[in-house]
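# Examination of the molecular architecture
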Amino acid sequence: MAYKRLDGRSNDEMRPIKAKVNVVPNADGSAMFSIGDTIAIAAVYGPKKMHPQHQQDPEKGVLRCTYNMNSFSVSDRIRPGPSRRSMEISKITEWALSPVVMLKKYPGSVVDVHINIIQADAGTRCAGINAASMALAHAGIPMKELVSSISVGKMDKTIVLDLDKYEDSDFEEGEGSTDIPISMTGDGKLTHIQLDGKIDKKQLKEGIKMAKKACEEIHEIQKKALKETIKK
Amino acid sequence: METANITKKRIEKYLSEGKRFDERKPEEFREITIETGVSKKAEGSARIKIGKTEVIVGVKLGLAEPYPDSPNKGNLMTTAELTPLSSERISLGRPGIESVELGRVIDRGIRESKFIELEKLCIKEGEKVWNVFIDIYSINDDGNILDAAGIGAVVALKDAHIPKYDEKEDKVIYDEPGKEKLPLSKNITFPITVRKVGNDFLVDPTREEEDIVKSRVTIGMNKQGIASMQKGKDGSLGTEEFDKILDIAEKTWAEVFKKIEKHTK
Amino acid sequence: MTDRKIVIPGEVIVKGDDYLPGEWTEKTEKGIISLRYGLAEETKRLVKVIPLSGVYHPRRGNVVIGKVENVTYNGWVINIGSEDNAFLSLMEVPRFVNKDALEEVMNIGDSAVVKVWGVNRRGIDLSLKSRGLGKIEEGMIIEINPYKVPRVIGKEGSMIKIIKEETGCNITVGQNGFVWIKGDKIENELLAKKAILFVTKKSFVSGLTDEVIKWFKENKKESKK
C-alpha cells in the first residue's frame, strides 16, 4: 500500500517555508529560516582575527560553524550546552558551506556562523544551513553560490521530501524510515549528504533528484529574502 | 567593539544634564515588545524586545524525585546563556560568569517571591514532583539583557501549562497541550536594574551606555515589595545614592508593569 | 544593462561574451556571475558588483578613524574595522615620543584619525605623518557601513557639506565607515549623527540631497522645542 502522509502533503511537497534576513542587528549578517514547525536563526560575525592563534590558517580565512538547539526547542528538554550531536552537526554545516565561501583574501581570520534552533520538528540541520547561507551572503562574505538544504527520505518503500518529526522519528511500518539530509549549491553541486536507514541505489538516486528540485525552490526563497530586505 | 573613550565622555556629560542620545529620560525604558508561544515545544515561552535588545525565554516541565527536605514540592532551575549569536563581544565556549550571574539573579527573584506555587507541583509526596526549568537565551544584545530576561521569565511562566502525565505508563505526554496552567501566585515579580554613571542614575541602558556603567543594582520587585537584590560591578554607592536607587527602581517598576500588564494576566 | 540591480552570490548578471568581469564578479559558462551580495553595475562593458555589506578593505592612502586596542613597546594596535588589526609604529608619529610613555600619547580606548600607508601579509601599517591626522580629543564616533561612505560624502563632498553646514559640526568621515563628529553642542552632534544615519538608510533613493535638505527642515524645527 502506498504511503500516505499524515499532514496530507504529497510525496514531493515541502512544508510551508518562511525566510527573513537581518534578524540579529548586532551581527554582520543574520537570517531566519523556518520550514513547517522547525525554526532556525543564524548570525555571522567576521571576518575577524582568529583566536586562539594556533587555529589560524596562514593561507586563508577559516569558517567556523556552531549549531545549537535551545533547551526548549524540543519536547524533552535538552540540557543547555554542546552535545556530541550538536558538535557533529556543526562540522557537517561547516563542510556544507565551505565549498562556496571564498576566504583566501582573509588569511589568519575566522568567519563565525552561529546557528540557533528555536523550535525543532525535524530537518533542523537543513534549516540551519539554509539560514546560515543567507546570513553569510548578508554579511558580505564573498561566495560563489548560496547553499540550499533539504531532507528526503523513504517511508517504507516510498520516497518523500522534507520529513517531519513523525516521519523522521516515529514511523516504523514496513522498512521503516530512512532520512537523508542533502545540501546543494545554487548550481546544483552536492556539498553535504547523510543517510540513516535502508535504501537501494535506484531509490537513492530518485531521492537526490527530488532534493535537487526542492533545493532550487529553496534557493529562490533565499534569494527573495535577501533582495527584499533592501526595499525598506 | 567597546565604545570609544570620547563617546563615553559625551554620554556621561549629556547624562549629567539629564539627557540621553536617543532622547529618552534617564528613568525611561525603550519600547517593550512581547510575544508568547515562541516555541511550541516549550510548556511556556516568550520573546521580549526592549529597543533592539532581544531575549527569548522558555519554560519546560519534567518529572523528578523531590529533594529529601521538601518531599511535596516541585523544584525550580533557571539557566541563562549570553549567546555568541547575540553579540561579537561574547566568545565561543562555555557560558561565562555573566551568564551564570544572570541565571541566578533571575532565579532569585522568582524563587524568593514564591511566584511559582511549588507545593502544587507535587504528584506523589516523596516520590514524584514536577520540576520547572526556565532557560534564557540572548538573541541581540543592545544593553539591559538583565531586565529583558526578568520580564521574559515572568511572561513565559504565565504562558506555561502543565503537560499531561500518564500515570499508568508513568511518563509525560508532551505534545498534547495540558489544560492546567502552571500554578502561579498573584505576585508578578520581575527585576529593574538601576545603573550609576558618573554621579547620575539611569535605567535600561543601550550597549553604548552600558559600557560606562560603574555600578548596577538589580532589584526583583512585585506589588508587595522587594524579593531580591543584587549589586553588580565594582563601583561603590553612598547610602543616599542607594536610597535614590530604590526610589527610581520602584517608580520604574510601576511604569514597566503597566506596559507589560496584559501579558501577566 | 544600465540600471543597477541587486544581486546575490552566484547570480548571473549578464550572459554572453560581450562583457568583462570586474570587481567581485567571475566569468563562468553561465555568464558573468556575482561573488557578493551587492549592486551590479556596468560601465563600458565592464561589469562589477558594489557590495552592500562586508568588512572594510583597507587601501593604501585611505584616511580612516580607529580605536586603540592595545599599546605595545613600540606602537599602538588600532582597530580600524578590517578583519586584521592595524599597527601604528611610534616611528610614524610626527613628533618625539618617549618610548616609556606611549600611553601618554594614546591609550586604550582613544580614537585617532590615521592614514593607511601599507597593506601586506604581515598586516596593516598606519601613519600619523600627514596633515589632519592625529589623536581625537573630543566629540563622538559613530560607525556606519563602509560601503555607504561614498553616499555620505556625496559627489565632491556635496552631501557631507550640507550636514556640516546645517549642524555647524566638524565631521571627518573615515573610509572605514567610522565617523568623527565634533560640534559646539551635543545636540548638534546628535543631529549630525541622525542625518548621517538617515543618508545610509536612504542610500538607494535618487535625489537624496533634496531629501536631506527636507529632513533638516523638519528635524531642526523639532529640536528647537
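Residues numbered from 1 in each chain as written. Chains lettered and ligands numbered in written order. Predicted model: local features only at pLDDT ≥ 70, side-chain atom pairs only at ≥ 80, totals over all residues.

### Observations concerning the interface of chain A and chain B
Convention followed: Two residues qualify as being in contact provided that their C-beta atoms, derived from the backbone, are within 7 Å of each other. Comment: elements are numbered from the N terminus, with helices defined as DSSP H or I runs of at least four residues and strands as E runs of at least two. Each residue is assigned to one class: nonpolar for Ala, Val, Leu, Ile, Met, Phe, Trp, Tyr, Cys and Pro, charged for Asp, Glu, Lys and Arg, and polar for all the others, Gly among them.
On the chain B side, the residues contacting the 22 residues of chain A number 29 residues. Those elements that place two or more of their residues in the side of chain A that touches chain B are strand E3 (38-49) and strand E5 (109-119) of chain A. The element that contributes the greatest number of residues to the side of chain A that touches chain B is E5(A), accounting for five residues. Taken together, the residues of the side of chain A that touches chain B break down into nine nonpolar, nine polar and four charged.

### Section: the domain arrangement of chain C
Residue and element names in this part refer to chain C. Condition: Domain limits in this description derive from either an automatic procedure or a database domain assignment.
Split into domains, chain C comes out as domain 1 (5-51), domain 2 (63-136) and domain 3 (140-223). A straight line from the C-alpha centre of domain 2 to that of domain 3 covers 26 Å. Contact with domain 2, which involves ten residues of that partner, is made by nine residues of domain 3. Contributing elements (two or more residues each) for the side of domain 2 that touches domain 3: strand E8 (63-71) and strand E11 (111-120). Broken down by element, the residue count for the side of domain 2 that touches domain 3 peaks at four residues, all from E8. Within the side of domain 2 that touches domain 3, the residues separate by chemical class into six nonpolar, four polar and no charged.

### A closer look at the interface of chain C and chain B
Often the size quoted for an interface is simply the accessible area lost on bringing the parts together. Between chain C and chain B, the residue contacts involve twelve residues of the former and ten residues of the latter. Sorting the residues of the side of chain C that touches chain B by element identifies strand E14 (140-143) and helix H4 (186-201) of chain C as the ones contributing at least two each. Tallied by class, residues from the side of chain C that touches chain B come to five nonpolar, four polar and three charged.

### Here's the deal with the nonpolar core
Test applied: Think of a nonpolar core as buried Ala, Val, Leu, Ile, Met, Phe, Trp, Tyr and Cys residues, each tied to the set through C-beta atoms within 7 Å. Field definition: a residue is buried when 20 or more other C-beta atoms are found within 10 Å of its C-beta, exposed when 12 or fewer are, and partly exposed for counts in between, with C-beta atoms placed from the backbone.
Counting residues in each nonpolar core, the largest one holds 130 residues, and the members touching the most others are A:Ala42, A:Val44, A:Ala131, A:Ala135, A:Leu136 and B:Ala149. By residue number, the principal contributor to this core is helix H3 (residues 145-158) of chain B, which donates ten residues. Residues contacting A:Ala42, with those up to four places away along its chain left out, are A:Ser30, A:Ala31, A:Val113, A:His114, A:Ile115, A:Gly128, A:Ala131, A:Ala132 and A:Ala135. Core analysis: the second largest hydrophobic core is formed by 43 residues, B:Ala4, C:Ile65, C:Ile171 and C:Ala192 among them.

### What about the environment of A:Ala40?
All names here are of chain A. Mapped onto the elements, Ala 40 comes out in strand E3. Taking the C-beta count within 10 Å as the criterion, Ala 40 has 28 such neighbours and is therefore assigned buried. Between the C-alpha atom of Ala 40 and that of Thr 124, which follows or precedes it by 84 residues, the distance is 7.1 Å.

### A short note on helix H1 (residues 5-16) of chain B
Structural remark: α-helix, 3.6 residues per turn; residues separated by three or four positions point the same way. All names here are of chain B. Stated precisely, the cut-off is as follows: A helix is expected to span 1.5 Å for every residue after the first.
Taking 1.5 Å of rise per residue, twelve residues should cover 16 Å, and H1 covers 17 Å from first to last C-alpha, within 8% of that figure. What H1 keeps buried is the set Asn 5, Ile 6, Thr 7, Arg 10, Ile 11 and Leu 15. Backbone geometry just after H1 places Gly 18 at a positive phi near 75 degrees.

### Things to note about unusual backbone geometry
All names here are of chain A. With omega at 0 degrees, the peptide bond leading from Gly 46 into Pro 47 counts as cis. Assignment of secondary structure puts Pro 47 in strand E3. Each neighbour pair has its own omega, and for His 51 with Pro 52 the value is 5 degrees, a cis peptide bond. Along the chain, Pro 52 falls in the loop between E3 and strand E4 (62-69).

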